[in-house]
Amino acid sequence: MNYSASDLDRIVKDIAEEMKERTDRGEVASYIPELARVHNSAFGLYVIDEAGNVGAGGDFDTPFSIQSISKVFTLTLALGKVGDHLWRRVGREPSGSPFNSIVQLERERGIPRNPFINAGAIAVTDVILSGHQPREALGEILRFMHFLADDESIKIDENVASSEQQTGFRNAALANYMKSFGVIDNPVNLVLGVYFHQCAIAMSCRQLAMAGRFLAHHGVNPSTGMHVVPAERARRINAVMLTCGHYDGSGEFAFRVGLPGKSGVGGGVLAIAPGKASIAAWSPGLDAAGNSHLGRVALEKLSKRLGWSIFGG
Ligand code: GLN
């Protein structure tokens, strides 16, 4: 669909206003104590298209914990380091299981199904850590976010990181289990330290949508023309986002929204309309699969209004 810059902003603001009013808001994640403090009344939506037109609604400038959305960016970094060798230690099939499930790992000899479930993301972080101190690896991840979003103010929320460090027993179990199969190279406590900190990066919808632009535009940042990754890699990351980005809710997200997307338990969702736009939504209340409830509802409305589903308008 053709739209003007003011149409785009109007559509996004309409959706944000509607979402603010809704009473079905899902439940804020409570298994990471620091996340349980976030108010469930928040809602933000931000869209930036190839021409730089913007739609911004609600709390689009409020930073939130990006949690598992960080896995998109660590996957991009790890592919940059080791290329397709990465796929020897992590698969690219949907898991059909919750994000922190442990059962599949035993049957599949410690090789996680995909890089977006926790086990897979921990294995990816291990690749980024190799040859570095944890502090350097984290610096690299954070600098990458600054570069992609063109914003040096993006920070790690240390309270969220230490809250998860103190309660992340399942992730410790997953990491130790993979280590027993030789899938993790570095000491487990160091890998987990980096993983918990990458999940604790705080970003607003605006910053997140800015950071996702290279995925919407064939690996290129459209404002600078700079190649972040080859086009083929952007396409493949989008494919994994579509099939695995919402865990056992990935089918439902594809069915309703029709866009590659990655959720986090902080209530954020990064969605990519290939060739069109990068989109970030935030609503802290989650559905049963741990994905933002109103984030998904809003994205469904947006992709319908603009005809952006990759499966046809
Ligand atoms: N840090 C969270 C965890 O490991 C990330 C999970 C998520 O966002 N789905 O449990």
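As a reminder, the structure under discussion sits directly above these lines.
Basis of the calculations
- Residue indices follow the written sequence of each chain, beginning from 1 at its first position.
- Only residues with pLDDT of 70 or above have their local features reported here, since the model is predicted, and side-chain atom pairs are shown and tallied only from 80 upward, although totals for entire chains, interfaces and linings are computed over all residues.
- In computing side-chain properties, one takes all heavy atoms of the structure into account and sets aside hydrogens as well as water.
- When at least one non-hydrogen atom of a residue lies within 4 Å of a molecule or strand, that residue is treated as near it.
- Polar contact is the term for a pair of N or O atoms within 3.5 Å; when the atoms are in protein, one must be able to donate a hydrogen and the other to accept it, and sequence-neighboring residues count only if both atoms are side-chain atoms.
- Per-residue and other accessible areas follow the Shrake-Rupley method at a 1.4 Å probe size, with only the shown protein chains counted as cover for residues.
- Every helix listed is a DSSP run of H or I at least four residues long, and every strand listed is a run of E at least two residues long, numbered separately from the N terminus.
- One less than the number of residues in a helix, times 1.5 Å, gives the span that helix is expected to have.
- Each residue's exposure class comes from its accessible area (1.4 Å probe, protein chains only) as a fraction of the maximum for that residue type: buried when under 20%, exposed when over 50%, partly exposed otherwise.
- The contact definition used throughout considers only heavy atoms, calling two residues in contact when any of these lie within 4.5 Å.
- We call two strands paired when DSSP finds no fewer than two bridges between them.
- Axis lines are fitted through C-alpha atoms, for helices just across the contact stretch, and the angle between N-to-C directions can take any value from 0 to 180 degrees.
- By convention, a stacked pair of Phe, Tyr or Trp rings (six-membered ring in the case of Trp) has centres within 6.5 Å and planes under 30 degrees apart, an edge-to-face pair has planes over 60 apart, and any other such pair is tilted.
- Any Lys NZ or Arg CZ that is within 6 Å of a ring centre and within 35 degrees of that ring's normal is treated as a charge sitting over the ring.

Colleague: An account of the site of the ligand is requested, with residue identities and associated values reported.
Modeller: Neighbouring residues of the ligand: Y31, Q67, S68, F99, N118, E164, N171, Y195, C199, Y247, G264 and V265. At a separation of 2.6 Å, an oxygen atom of the ligand approaches a polar side-chain atom of S68. Here the ligand has 300 Å² of accessible area as a free molecule, and 99% of this is covered by the chains.

Colleague: Residues and numbers for helix 13 (residues 293-306), please.
Modeller: The terminal C-alpha atoms of helix 13 lie 20 Å apart, and with 14 residues this matches the ideal 20 Å at 1.5 Å per residue to within 8%. Of all 14 residues making up helix 13, 11 are buried, and the element is well covered by its neighbours. Those residues of helix 13 that fall on the buried side of the exposure criterion are H293, L294, G295, R296, V297, A298, L299, E300, L302, S303 and L306. For helix 13, the elements touching its buried residues are helix 1 (5-21), strand 2 (44-49), helix 12 (250-256), strand 10 (268-273), strand 11 (277-282) and strand 12 (285-286).

Colleague: Could you give me a rundown of the sheet that holds strand 9 (residues 261-263), with the residues and numbers involved?
Modeller: Strand pairing in a sheet relies on backbone hydrogen bonds, with the paired strands running either antiparallel or parallel. With antiparallel pairing, the 5 strands of this open sheet are ordered in space as 3-2-11-10-9. Lying at the two open borders of the sheet, with one neighbouring strand each, are strand 3 (54-58) and strand 9. Taken over all neighbouring pairs, the strand axes of this sheet differ in orientation by 10 degrees on average, direction set aside. In this structure, strand 2 lies alongside strand 3, joined through 5 bridges in antiparallel fashion. Looking at strand 3, one finds that I48 is bridged to V54. The strands touched by helix 1 within the sheet are strand 2 and strand 3, with strand 3 carrying the most contacts at an inclination of about 20 degrees. Running over the sheet, helix 13 touches strand 2, strand 10 and strand 11 and is turned about 145 degrees from strand 11.

Colleague: Give a description of the sheet that holds strand 5 (residues 155-156) that names residues and reports values.
Modeller: Spatially, 4-6-5 is the arrangement adopted by the 3 strands of the open sheet, whose pairing is antiparallel. Each of the sheet's edge strands pairs with one partner strand only, and the pair in question is strand 4 (64-65) and strand 5. Where strand 5 and strand 6 (residues 201-203) come together, 2 bridges link them in antiparallel fashion. If you follow I156 over to strand 6, its bridge partner there is I201.

Colleague: Just give me the short version of the packing of aromatic side chains, but keep the residues and values in it.
Modeller: As enumerated under the stated definition, the model contains 7 aromatic pairs in all. Aromatic pair Y31 and F99: ring centres 6.0 Å apart, planes at 40 degrees, arrangement tilted. Placement of the pair is Y31 in the loop between strand 1 (27-28) and strand 2 and F99 in the loop between helix 2 (70-82) and helix 3 (103-107), with a sequence separation of 68 residues. A centroid spacing of 5.8 Å and a plane angle of 35 degrees characterise the contact between Y46 and F60, whose relative ring orientation is tilted. Note that Y46 is positioned in strand 2 and F60 in the loop between strand 3 and strand 4, a separation of 14 residues in sequence. When its relative accessible area of 7% is taken as the criterion, Y46 is described as buried. Directly above the aromatic system of W87 lies the positively charged group of R92, at a separation of 5.3 Å from the ring centroid.

Colleague: If you had to explain the pairing of strand 2 to someone new, which residues and values would you point to?
Modeller: With 6 of its 6 residues buried, strand 2 lies for the most part within the structure. Side chains G44, Y46 and I48 of strand 2 all project onto a buried face; the interleaved residues L45, V47 and D49 project onto the opposite face, where all are buried too.

Colleague: Tell me about the pairing of strand 11, and name the residues and values.
Modeller: Consecutive side chains of a regular strand alternate in pointing toward one face of the sheet and then the other. Summarising burial for strand 11: 6 of the 6 residues are buried, a large majority. As paired strands, strand 2 and strand 11 are joined by 6 bridges and run antiparallel to one another. Within strand 11, the position partnered with G44 by the bridge is W282. When strand 10 meets strand 11, the two strands line up antiparallel, connected through 6 bridges. Bridge pairing in strand 11 links L270 to A280. Taking the residues between adjacent antiparallel strands as the criterion, strand 10 and strand 11 are bridged by 3 residues, where G275 takes a positive phi near 75 degrees.

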